[in-house]
Amino acid sequence: MLRGLDISDMLIIDRLELGFQPGLNVLTGETGAGKSILLDSLGFVLGWRGRADLVRQGARQGEVTAWFDLPPGHAAHAVLEEAGLPGGEELILRRVNTAEGRKTAWVNDRRCSGEILRALSETLVELHGQHDDRGLLNPRGHRAILDEFAEAFPLRQATREAWSALNGARKAAAAAREERAAIEAEEEFLRHAVGELDALDPQEGEEASLDAKRRLMQGAEKIRTDVLKAHEIMGPEGAEGLMGDALRWLDGAADRAEGALEAPMSALNRAMVELDEALSGVSDAIEAMSFNPLELEETEERLFAIRGLARKHSVAPDELAGFAATLRDKIAALDAGEARLAELDQEVRRAEAAYESAAEALSEARRGAAARLDAAVSAELAPLKMERALFETQITEEAPGPEGRDAVAFTVATNPGAPAGPLGKIASGGELSRFLLALKVCLAKGQSGVTLIFDEIDRGVGGATADAVGRRLSALAREGQVLVVTHSPQVAALGAHHWRVEKGVADGMTTSRVIPLSRPERVDEVARMLSGDRITDAARAAAEALLAG
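Residues numbered from 1 in each chain as written. Predicted model: local features only at pLDDT ≥ 70, side-chain atom pairs only at ≥ 80, totals over all residues. Heavy atoms only, no water.

## Considering the overall build of the protein chain
Counted only if it meets this: Only DSSP runs of H or I with at least four residues qualify as helices, and only runs of E with at least two residues qualify as strands; both kinds are numbered from the N terminus onward. The quantity called the radius of gyration is restricted to C-alpha atoms. Its globule counterpart is 2.2 Å times the number of residues to the power 0.38. Relative accessibility thresholds used throughout: buried, under 20% of the residue-type maximum; exposed, over 50%; partly exposed, between the two (1.4 Å probe, protein chains only). In this analysis, two residues are considered to be in contact whenever any of their non-hydrogen atoms come within 4.5 Å of each other. Note that accessible areas follow from Shrake-Rupley with a 1.4 Å probe, and for residues the cover is restricted to the protein chains shown. Only four residue types enter the tally: Lys and Arg on the positive side, Asp and Glu on the negative side; His and the chain ends are excluded. Where a charge lies is defined by one atom per residue type: Lys uses NZ, Arg uses CZ, Asp uses CG and Glu uses CD.
Secondary structure summary: the protein chain contains 18 helices and 15 strands in total. Expected size for 549 residues packed as a compact globule is a radius of gyration near 24 Å; at 48 Å, the protein chain overshoots this value by more than 25%. Taking the principal axes of its C-alpha atoms as reference, the protein chain extends roughly 165 × 65 × 40 Å. A burial count over the protein chain gives 43% of its 549 residues as buried. For the protein chain, restricting intrachain contacts to residue pairs at least 6 apart in sequence, the fraction spanning at least 24 positions comes to 70%. Approximately 28500 Å² of the protein chain is accessible, and the part contributed by carbon and sulfur atoms is 51%. Across the protein chain, 64 positive and 91 negative side-chain charges occur, with their mean positions spaced 13 Å apart.

Here it is in structure tokens:
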């Protein structure tokens, strides 16, 4: 519910603060007094696209603030949560427009975009008038309006889900066909490549192992000759034999040396032990360096084969095994392709059947709701002096989509036998106002939390018809909040709260102001609306009668 509107430096308003109430709020005033400026300002803070020259002449910027009550469960809470904005029981919208045209908006003191304001406005306010291209006159919205009347949200959601599943099944089938076609184009290559890879059977880490083995064998061939020479010099024909001879000679002289040779002989024995260990190690090394030249050749052939296949397929040697598995999977998919395609086609047919079922259930609900809506609108038209008019909700088949296969359009015929046509093209101004009001009365039943604004919707009607319009507006207001801009005294008299918009000139500057009216002031205002500038006693008496009725 709209609780207040604060306007600064917008068009001919310098500063204005309004507090609105539940029920029927009426704004009256002479033509040009500035009533439309209030709606322009409200539309501005709600993010609606409108006129660009909003800032008052000479002002640096214009600013509008609107605050709303948000009861628990109000649809605006979901919009705030999705946008990451703070919520609560009160919602404050503020928007500034500089003289240069730069716009900035805040929601509960947090910066936001115009898109978020417009999303919030859809849950807060509905504007209806003779040129209502945002609401009931827009054929693109008629299907959603009918669905809301039919309370068909679960059916519509089921249809959307079925459409999404059908699209997914169709895409999966198409992708499988494209993949199969691509595999078929390279089938010969795949089978040849897999044959090569299977014959070689490369293993992860094998390339590094073969390379190390190859380098070891190549190095051994070069150094083995030197190691053999060292082994020969260290062995019995070399150092070992000479050290043994020396030890024997010393041992033969030891008895005559009076102990002088014991230490050298002990050292020589230790050297013999160390030399023996060295010889053993060198022998082991020679054994390790012994290889079959054919083994080197085989190692190199396999190493080069692995590297060659890796280059051929542009993968690392260690990735060949995984690459081979991928190719095998493609061949397996090719071999099983027909069965898979048949399975996917069956899934498409099941999804089509599910969508047809969901769409038909939604269409049936719409057809039933259309008949109920037509009857309800016809019942509302009679008190509005349009009992001979015909309202019809036309449902025609269109291309299937996420919201079913129905095109919905509200059509009217103002006289029996006259051709029916679009709501906005067949009815005259006064007739259009009454059609819109009757339709809105039917659609608003059970609706809460949305402020309804009617901008001169009573134009072109008077007398008993205007009274019927006012009573319909009053009935709507009993379930929430209605703001009406009106020139009709019958409508104004039925308001629960009444403001007069007037224009004045001070210091050469034209400004507009809004004045809340007391009961005596309401009598004068309704009398003015009845008689014009000169208010007579008869006009006051008529105004009293209207306000009392």
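## Digging into the sheet that holds strand β10 (residues 404-413)
Stated precisely, the cut-off is as follows: What makes two strands pair is DSSP finding at least two bridges between them. Where helices are involved, their axes are fitted lines through C-alpha atoms of the stretch in contact, as for all axes, and angles between N-to-C directions lie from 0 to 180°.
Taken together, 3 strands build an open sheet; the order of strands is β9-β10-β11 and the sheet is antiparallel. Each edge of the sheet is formed by a strand with only one pairing partner; in this case those strands are β9 (390-401) and β11 (421-422). Relative to β10, β9 is paired through 9 bridges, and the arrangement is antiparallel. Within the sheet, the bridge partner assigned to Thr393 lies in β10 and is Phe410. Against the sheet, helix α4 (residues 142-150) engages β9 and β10, with an angle of about 95 degrees to β10.

## Some words on the sheet that holds strand β6 (residues 103-107)
With respect to topology, 6 strands assemble into an open sheet ordered β2-β1-β4-β5-β6-β7, the strand pairing being antiparallel. Every other strand in the sheet has two partners, leaving β2 (13-19) and β7 (110-112) as the edge strands with one partner each. Each adjacent strand pair in this sheet contributes to an overall mean axis angle of 15 degrees, direction not counted. In this sheet, β2 lies alongside strand β1 (residues 2-10) in antiparallel orientation, the contact comprising 6 bridges.

## Looking at the packing of helix α2 (residues 75-83) against helix α3 (residues 114-124)
Rule in force here: Throughout, the term roughly parallel applies to angles under 35 degrees, roughly antiparallel to angles over 145, roughly perpendicular to angles from 65 to 115, and oblique to all others. Here is the rule for handedness: rotate from the far helix to the near one, and if that takes an anticlockwise turn smaller than a right angle the crossing is left-handed, while a clockwise turn gives right-handed.
Close contact between α2 and α3 brings their axes to 8 Å; oriented N to C, the two are set at 165 degrees. Put simply, α2 runs roughly antiparallel to α3. For α2 against α3, the interelement crossing comes out right-handed. Residues Ala75, Ala76, Val79, Leu80 and Ala83 of α2 form the contact with α3, whose participating residues are Ile116, Ala119, Leu120, Thr123 and Leu124.

## Section: the nonpolar core
Rules: Take the buried residues of types Ala, Val, Leu, Ile, Met, Phe, Trp, Tyr and Cys, join any two whose side-chain atoms come within 4.5 Å, and each joined set is a nonpolar core.
One finds Leu373, Phe391, Phe454 and Leu473 to be the most contacted residues of the largest nonpolar core, which totals 48 residues. Tallying contributions element by element places helix α14 (residues 429-443) first for this core, with 9 residues. Beyond its immediate sequence surroundings of up to four residues, Leu373 is in contact with Leu146, Phe149, Phe391, Thr393, Phe410, Leu439, Cys442 and Leu443. Within the second largest apolar cluster, 43 residues are counted, among which are Leu42, Val64, Leu93 and Val485.

## A look at the pattern of salt bridges
This is how it is decided: Each salt bridge in this description consists of a side-chain nitrogen of Lys or Arg and a carboxyl oxygen of Asp or Glu lying within 4 Å of one another.
Going through the model one piece at a time under the given rule, you end up with 33 salt bridges. Notably, a salt bridge pairs Glu63 with Arg94, separated by 3.6 Å at the nearest N-O pair. Within this pair, whereas Glu63 is found in strand β4 (residues 61-69), its partner Arg94 is found in strand β5 (residues 90-98), the two being separated by 31 residues in sequence. Residue classification places Glu63 among the partly exposed positions, given a relative accessible area of 23%. Connected through shared salt-bridge partners, Arg500, Glu502, Arg513, Glu525 and Arg528 make up one network.

## Some details on the packing of aromatic side chains
How two aromatic rings sit relative to each other is given by the distance of their centres and the angle of their planes. Defined as follows: Only the six-membered ring of Trp is used, alongside the rings of Phe and Tyr, when aromatic pairs are assigned; centres must lie within 6.5 Å, and planes under 30 degrees apart are stacked while those over 60 apart are edge-to-face, with the rest tilted. Here, a charge over a ring is recorded when the distance from Lys NZ or Arg CZ to the ring centre is within 6 Å and its angle to the ring normal is within 35 degrees.
Overall, the coordinates contain 3 aromatic pairs when judged by the stated rule. Here the basic side chain of Arg94 rests over the ring of Trp106, its NZ or CZ set 4.0 Å away from the ring centre. Positioned above the aromatic ring of Phe44, the side-chain terminus of Arg95 is 4.7 Å from the ring centre.

## Comments concerning the environment of Gly508
Residue position: Gly508 is located in the loop between β14 (497-506) and β15 (509-516). The spatial distance from the C-alpha of Gly508 to the C-alpha of Arg15 is 17 Å, given a sequence separation of 493 residues.

## Thoughts on the confidence of the model for the protein chain
What counts, and what does not: A residue's pLDDT is the predictor's confidence in that residue, given on a scale from 0 to 100.
Per-chain confidence: the protein chain averages 86 in pLDDT, with 96% of residues scoring 70 or above. Of all helices and strands in the protein chain, the one with the weakest mean pLDDT is helix α13 (residues 423-426) (72), whereas β4 scores best (94).

## Describing helix α1 (residues 35-45)
Most of α1 sits inside the fold, with 9 of its 11 residues counted as buried. For α1, every residue scored as buried is listed here: Lys35, Ile37, Leu38, Leu39, Ser41, Leu42, Gly43, Phe44 and Val45. Looking one or two residues past α1, Gly47 carries a phi angle of roughly 85 degrees, positive in sign.

## Thoughts on the environment of Val125
Of note, Val125 is situated in strand β8 (residues 125-129). Assessed through its relative accessible area of 4%, Val125 is described here as buried. Linking Val125 and Leu42, residues 83 residues apart in sequence, is a C-alpha distance of 9.7 Å. Apart from residues lying up to four places away in sequence, Val125 is in contact with Leu46, Trp48, Phe68, Val450, Thr451 and Ile453.

## A closer look at the packing of helix α8 (residues 239-253) against helix α9 (residues 262-288)
Packing of α8 against α9 brings their axes to within 10 Å, and their N-to-C directions diverge by 160 degrees. When the interaxial angle is binned, α8 and α9 end up roughly antiparallel. In terms of crossing hand, the pair formed by α8 and α9 is left-handed. Side by side, α8 and α9 meet where Ala239, Glu240, Met243, Gly244, Ala246, Leu247, Leu250 and Asp251 of the first sit next to Met265, Leu268, Asn269, Ala271, Met272, Leu275, Asp276 and Leu279 of the second.

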